[in-house]
Amino acid sequence: MDLKKTWDKMQMDQFSMGILDDKDILEAMHKKSHGPVQKIQTGFTIKLAFIVVFTFIFLYIGIKIKEPLVSGLQFFMAGVYFTAFFLFLSQNKRIKAGIPMDEGLLTNLKNYHAFVSKVLRQEERIALFIYPVALTAGFLLGFTTQATLDEFFESRTAIILLIACWIVLTPLSHLLARWMNKVSFGKYLNELESHIAELEKE
């Protein structure tokens, strides 16, 4: 997409009517960036919906399970997702607001791109500390369907297997999360970068 050619044409058309000003350009550029911005907003809304769904799943499992430790881990995960919901909701409001018009367009595009990237990186880093707990909750949930929790603590093999899951699946889960964010948002962040680069050349 060649923004310069588009703006040159807009300038010729609107100058002929004598109505072009900075606000017109900013509003037009916002519309020009509406595609990737809209996709980013939709992606974050879907993330928020998944957080709600998983919160209720963990709550349901926690209520159904009678084993206190396993049930407690499910409630803990529900609490993590519940907290994440409100943190993400605050960030999502800023993202859904789109690109503001209060400062220079180039500055606003850079700030918006940086904020979205920062939110995604923060999510990935925080999740690194949650994966081991989630893996433990899932592992013990599966184990206690076949045996008791006392048998788990008495089984050296089961404990080693859980530790192996932490070591192997935590980094794999992190890589998967980064890949999913790249698939969901990478294309649209690259489009914003393209807009920024075009503006910087002018």
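Computed from a predicted structure; not experimentally measured.

Participant: Looking at this structure, how should I read the packing of helix α5 (residues 105-143) against helix α7 (residues 156-201)?
Facilitator: Two packed helices can be described by the angle between their axes and the distance between those axes. Taken N-terminus to C-terminus, the directions of α5 and α7 make an angle of 165 degrees; their axes are 8 Å apart at the nearest point. The angle between α5 and α7 falls in the class roughly antiparallel. Helix-helix and strand crossings are classified by hand; for α5 and α7 the assignment is right-handed. Its residues assigned to classes, the contact of α5 with α7 shows 24 nonpolar, 8 polar and 6 charged.

Participant: Explain helix α4 (residues 68-96) to me, please; I cannot follow it from the model alone.
Facilitator: Given 3.6 residues to a turn, an α-helix orients residues that are three or four positions apart in the same direction. Here α4 is 29 residues long and its end C-alpha atoms lie 40 Å apart, about the 42 Å a rise of 1.5 Å per residue gives. Listed in full, the buried residues belonging to α4 are Val 70, Ser 71, Leu 73, Gln 74, Met 77, Ala 78, Phe 88, Asn 92 and Ile 95.

Participant: What exactly am I supposed to notice about the pattern of salt bridges here?
Facilitator: Any two side chains of opposite charge can pair, so long as their charged atoms come close to each other. For the coordinates displayed, the defined rule picks out 3 salt bridges. Linking Lys 47 and Glu 123 is a salt bridge whose minimum nitrogen-to-oxygen distance equals 2.8 Å. Taken together, the residues span a long stretch of sequence, with Lys 47 in helix α3 (residues 34-64) and Glu 123 in helix α5 at a distance of 76 residues. Between Glu 124 and Arg 121 there is a salt bridge; the shortest N-O distance is 2.8 Å. In this pair, Glu 124 and Arg 121 both sit in helix α5, 3 residues apart, roughly one turn of the helix. With relative accessibility at 3%, the residue Glu 124 sits in the buried group. Judged by relative accessible area, Arg 121 falls into the partly exposed class, the value being 31%.

Participant: Hey, could you run me through the nonpolar core in this one?
Facilitator: Note that soluble globular proteins tend to have their nonpolar side chains buried in a common cluster. One finds Ile 40, Phe 44, Ile 95, Tyr 112 and Val 116 to be the most contacted residues of the largest nonpolar core, which totals 20 residues. Setting aside chain neighbours within four positions, we find Ile 95 in contact with Ile 40, Gln 41, Phe 44, Tyr 112, Phe 115 and Val 116. With 14 residues, the next largest nonpolar core counts Met 77, Phe 139, Phe 143 and Leu 149 among its residues.

Participant: Looking at this model, I keep getting lost on the environment of Leu 162. Mind explaining?
Facilitator: Topologically, Leu 162 is positioned in helix α7. When near neighbours in sequence (up to four residues on either side) are disregarded, Leu 162 contacts Leu 135, Thr 136, Phe 139 and Phe 152.

Participant: Explain the confidence of the model for the chain here, please?
Facilitator: Mean pLDDT over the chain: 83, with 80% of residues reaching 70 or higher. Confidence drops under pLDDT 50 across residues 6-22; counting only partners more than four residues distant or on other chains, this segment forms 16 contacts.

Participant: Hey, could you run me through the layout of surface pockets in this one?
Facilitator: One way to see where empty space is left: roll a probe the size of a water molecule over the atoms. Approximately 1300 Å³ is the volume attributed to the largest pocket. Considering the residues around the largest pocket, the lining is formed by 40 residues, among which Lys 47, Tyr 81, Glu 123, Ala 127 and Tyr 131 are closest to the centre. Only α3, α4, α5 and α7 provide two or more residues apiece to the lining of the largest pocket. Residue contributions to the lining of the largest pocket peak at 13 residues, all from α5. In the lining of the largest pocket, the residues fall into 28 nonpolar, 9 polar and 3 charged. Estimated volume of the second largest pocket: approximately 190 Å³. If you go around the second largest pocket, the residues you meet are Ser 117, Leu 120, Arg 121, Arg 178, Trp 179, Asn 181, Lys 182, Phe 185, Gly 186, Leu 189, Asn 190 and Glu 193. Listed by contribution, the elements that provide at least two residues to the lining of the second largest pocket are α5 and α7. Among the elements that line the lining of the second largest pocket, the one with the most residues is α7, at 9 residues.

Participant: Before we go on, may I ask you to explain the environment of His 174 in this structure?
Facilitator: With respect to the helices and strands, the residue His 174 is situated in helix α7. Sequence spacing of His 174 and Leu 128 is 46 residues, and the spatial spacing of their C-alpha atoms is 6.5 Å. In contact with His 174, other than residues within four places in its own chain, are Glu 124, Leu 128 and Tyr 131.

Reading the values: rules and limits
- Residues numbered from 1 in each chain as written.
- Predicted model: local features only at pLDDT ≥ 70, side-chain atom pairs only at ≥ 80, totals over all residues.
- Heavy atoms only, no water.
- Axes fitted to C-alpha atoms, helices over the stretch in contact; angles between N-to-C directions.
- Helix = DSSP H or I, 4+ residues; strand = E, 2+ residues; numbered from the N terminus.
- Parallel < 35°, antiparallel > 145°, perpendicular 65-115°, else oblique.
- Left-handed = near helix turned anticlockwise from the far one by under 90°.
- Nonpolar A, V, L, I, M, F, W, Y, C, P; charged D, E, K, R; others polar.
- Expected span 1.5 Å × (residues − 1).
- Buried < 20%, exposed > 50% of the residue type's maximum accessible area, 1.4 Å probe, protein only.
- Salt bridge = Lys/Arg side-chain N within 4 Å of Asp/Glu carboxyl O.
- Core = buried A, V, L, I, M, F, W, Y, C linked by side-chain atoms within 4.5 Å.
- Contact = heavy atoms within 4.5 Å.
- pLDDT = per-residue confidence, 0-100.
- 1 Å grid on protein atoms, 1.4 Å probe; cavity = no way out; pocket = protein on both sides within 12 Å on 5 of 7 lines; lining within 4 Å.
- Points joined across faces, edges and corners; volume = space filled by probe spheres on them.

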